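Take a look at the letters that make up each chain.
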Amino acid sequence: MNWIILIIAGFFESGFAFCLGKMKDTTGMPYYLWGIGFLLSLILSMFLLAKAVQTLPIGTAYPVWTGIGAVGTVILGILFLHEPISFGRLFFIVTLIISIIGLKLVSH
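Now for a quick tour of the structure. (Residues numbered from 1 in each chain as written. Predicted model: local features only at pLDDT ≥ 70, side-chain atom pairs only at ≥ 80, totals over all residues. Heavy atoms only, no water.)

Secondary structure summary: the protein chain contains four helices and zero strands in total. Walking the protein chain from its N terminus toward its C terminus, one meets helices and strands in the order α-α-α-α. Here the protein chain holds 108 residues, and the buried ones make up 35% of them. A fraction of 71% describes how many contacts in the protein chain between residues 6 or more apart in sequence connect residues 24 or more apart. Roughly 6800 Å² of accessible area belongs to the protein chain as shown, and the carbon and sulfur atoms make up 78% of that amount. (Helix = DSSP H or I, 4+ residues; strand = E, 2+ residues; numbered from the N terminus. Buried < 20%, exposed > 50% of the residue type's maximum accessible area, 1.4 Å probe, protein only. Contact = heavy atoms within 4.5 Å. Areas by Shrake-Rupley, 256 points an atom, 1.4 Å probe, with all protein chains shown as cover.)

Formed by 16 residues in total, the largest nonpolar core has its most connected members in Leu6, Ala52, Leu56, Val64, Trp65 and Ile100. If you list the elements that add at least two residues to this core, you get helix H1 (2-23), helix H2 (28-52), helix H3 (58-80) and helix H4 (87-106). The element contributing the most residues to this core is H3, with seven residues. Ignoring anything within four residues of it in the chain, the contact list for valine 64 reads Trp3, Leu6, Ile100 and Leu103. (Core = buried A, V, L, I, M, F, W, Y, C linked by side-chain atoms within 4.5 Å.)

On to the environment of leucine 105, then. Secondary-structure assignment places leucine 105 in helix H4. Note on leucine 105: relative accessible area 67%, which makes it exposed. A C-alpha to C-alpha distance of 27 Å links leucine 105 and leucine 42, two positions 63 residues apart in sequence.

Time to look at H3. The end-to-end C-alpha distance of H3, which contains 23 residues, comes to 32 Å, matching closely the 33 Å that a straight helix rising 1.5 Å per residue would cover. Taken as a whole, H3 has its buried residues at Thr60, Ala61, Val64, Trp65, Gly67, Ile68, Gly69, Val71, Gly72, Val74, Gly77 and Ile78. Two residues or fewer past H3, histidine 82 is found with a positive phi of approximately 60 degrees. (Expected span 1.5 Å × (residues − 1).)

So, on to the side chain of glutamate 13. As for its position among the elements, glutamate 13 is in helix H1. For the buried glutamate 13, no salt bridge exists, and the shortest N-O distance to an oppositely charged side chain is 14 Å, to arginine 89. With residues near it in sequence (within four places) discarded, glutamate 13 still touches Ser45, Trp65, Thr66, Gly69 and Thr73. (Lys, Arg positive; Asp, Glu negative; His and termini not counted. Salt bridge = Lys/Arg side-chain N within 4 Å of Asp/Glu carboxyl O.)

See the structure below:
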């Protein structure tokens, strides 16, 4: 169950980074709404990470959390923020995903 909590925490990490990316392109009320989304995602992400590390080793949970957040943020940036897609970016995202899976496989 804590692995599922950790994965959800990683999704919220992508969420707060995405909201931050949207904030840079807006002004007025949309800016503040994206800011609220940023804060809510940040709080939920940290809370869920803290819950997950009650039983998972921090040396595994933290890299998995940041890895999920990084992969999700790159994908969201490509899909919604018109960030460039290149062979190099895709290659390193795939290696990051493989590393996340590897950490899961070798943890107890």
